[in-house]
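Report on the structure
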Amino acid sequence: MLTDHRHQEILSRLHGMGRVGVADVAFFLKVSEETIRRDLKVLEERGLLRRIHGGAVPPWLDRERPLQERAKVNTREKRRVAMLAEALVLDGMSIFIDTGTTTLALARRLTGCNLTVTTNSLDVALHFGGGMARVNLTPGTLRGNDNALVGYETVAYARRYFFDIAFMGIAACDLDHGWMDYEEHESVLRRTLKGQSRRAVLLADSRKFGCQANLCTFPLGEALSIVTDKLPPPPFQDVFARHDIEIIHS
């Protein structure tokens, strides 16, 4: 059975029953349990389900996994996105780098550059510590699952400055609901950063396309630069082409 067909069957059973078991699905689809475990891993990485012992349940749309867990997923794609984004940075720029595993991968590539870096991520700030960059850390309330500073003070601080480039992560990209995030704090900050920068750049590995979170940050037609490891699926390409949106990819 073709992989895409298996995935469709798994998701159909999940949506109908609220839960799927590895053994049951393997028997129904006449494949090995190991094959189904691999399928569930892929679908979880795409944000379409959440694995549990012996099977899977629907994803949480209102919360994001801790950064330490997300850092282990799609690492090759994230490194590729970071490498492509690095080419946008010129010596002496003032940039904002927000929180996320892909933005952190970018920070690791820029530690030897002469830049002014503003961030709301403790991890990003620490990666620049002791290097050539001047680092400004926003105020805010510490969010424990990803060491990010969030809240009203974070947004107010960002509104005081203007940046050459704002590099932003994003949780998901849905054809109907646009670019999506899990928390209002993050969504508001990213909309603010777009207005406070000459160039707003979303770093989104290709597996973000076709996934959902729980709130819309930007519509798909918003004027943004998108850095991704490969071209998005054709329906997304069509929307971006209609709005003349820049897509930077391998």
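Coordinates for the structure precede this section.
First, a word on scope: everything that follows refers to the structure included in this document.

What to know about the overall build of the protein
Along the backbone of the protein there are 10 helices and 15 strands. Whereas a compact globule of 250 residues would reach a radius of gyration of roughly 18 Å, the protein reaches 19 Å, a difference of no more than 12%. Projecting the C-alpha coordinates of the protein onto the three principal axes gives extents of approximately 60 × 40 × 30 Å. In the protein, which comprises 250 residues, the proportion classed as buried is 49%. Long-range contacts, defined as pairs at least 24 residues apart, comprise 60% of the intrachain contacts of the protein with a sequence gap of at least 6. Roughly 12,100 Å² of accessible area belongs to the protein as shown, and the carbon and sulfur atoms make up 51% of that amount. Across the protein, the mean location of the 33 positive side-chain charges is 3 Å away from that of the 31 negative side-chain charges.

Points about the sheet that holds strand β2 (residues 50-52)
Strands sit in the order β1-β3-β2 across an open sheet of three strands; the sheet is antiparallel. What marks the edges here is a single partner per strand, and that holds for β1 (20-21) and β2. Note: β1 against strand β3 (residues 55-57), two bridges, orientation antiparallel. Of the residues in β3, the one forming a bridge with V20 is A56. Against the sheet, helix α3 (residues 33-45) makes contact with β1, β2 and β3, and its axis sits at roughly 140 degrees relative to β2, the strand it touches most.

Notes on the sheet that holds strand β11 (residues 178-181)
The strand order β10-β11-β13 describes an open sheet built from three strands, whose pairing is antiparallel. Each having just a single partner strand, β10 (172-174) and β13 (215-218) make up the two edges of the open sheet. Sheet twist, expressed as the average angle between the axes of neighbouring strands with direction ignored, equals 50 degrees. Against the sheet, helix α9 (residues 184-195) touches β11 and β13, its axis set at about 15 degrees to β13.

Looking at the packing of aromatic side chains
As enumerated under the stated definition, the model contains six aromatic pairs in all. Between Y157 and Y161, the ring centres sit 5.0 Å apart and the planes meet at 45 degrees, which makes this aromatic pair tilted. With relative accessibility at 14%, the residue Y157 sits in the buried group. Centre to centre, the rings of F209 and F240 are 6.5 Å apart; their planes meet at 70 degrees, and the pair counts as edge-to-face. Here F240 lies in helix α10 (residues 234-242) and F209 lies in the loop between β12 (197-203) and β13, a separation of 31 residues in the sequence. Like F240, F209 is buried. Among the aromatic residues, those joined into a cluster by ring pairs are W179, F209, F236 and F240.

Topic: the nonpolar core
With 25 residues, the main nonpolar core has I95, I97, F167 and V227 as its most contacted residues. Sorting the residues of this core by element identifies α5 (75-86), β4 (94-97), α6 (101-109), α7 (122-128), β9 (163-168) and β12 as the ones contributing at least two each. C173, A200, F209 and L220 belong to the second-largest nonpolar core, a separate cluster that totals 23 residues.

Looking at the pairing of β12
Across the seven residues that make up β12, a large majority, five, are buried. Relative to β12, β9 runs parallel, the two sharing five bridges. Bridge pairing in β12 links I165 to R199. Pairing of β12 with strand β14 (residues 225-227) involves three bridges; the strand directions are parallel.

Overview of the pattern of salt bridges
Scanning the model with the defined rule gives 18 salt bridges in all. A salt bridge links R37 to E33, with the nearest nitrogen and oxygen atoms 3.3 Å apart. Residue R37 and its partner E33 are both found in helix α3; the two are separated by four residues, about one turn of the helix. As a salt-bridge pair, R143 and E183 come within 3.0 Å of each other at their nearest N and O atoms. Of this pair, R143 sits in strand β7 (residues 141-143) while E183 sits in the loop between β11 and α9, placing them 40 residues apart in sequence.

Calculation criteria
Residues numbered from 1 in each chain as written. Predicted model: local features only at pLDDT ≥ 70, side-chain atom pairs only at ≥ 80, totals over all residues. Heavy atoms only, no water. Helix = DSSP H or I, 4+ residues; strand = E, 2+ residues; numbered from the N terminus. Rg over C-alpha atoms; globule rule 2.2 N^0.38 Å. Buried < 20%, exposed > 50% of the residue type's maximum accessible area, 1.4 Å probe, protein only. Contact = heavy atoms within 4.5 Å. Areas by Shrake-Rupley, 256 points an atom, 1.4 Å probe, with all protein chains shown as cover. Lys, Arg positive; Asp, Glu negative; His and termini not counted. Charge placed at Lys NZ, Arg CZ, Asp CG, Glu CD. Pairing = 2+ DSSP bridges. Axes fitted to C-alpha atoms, helices over the stretch in contact; angles between N-to-C directions. Phe/Tyr/Trp six-rings, centres within 6.5 Å; stacked < 30°, edge-to-face > 60°. Core = buried A, V, L, I, M, F, W, Y, C linked by side-chain atoms within 4.5 Å. Salt bridge = Lys/Arg side-chain N within 4 Å of Asp/Glu carboxyl O.

Keep in mind that these numbers describe shape and distance, not what the molecule does.
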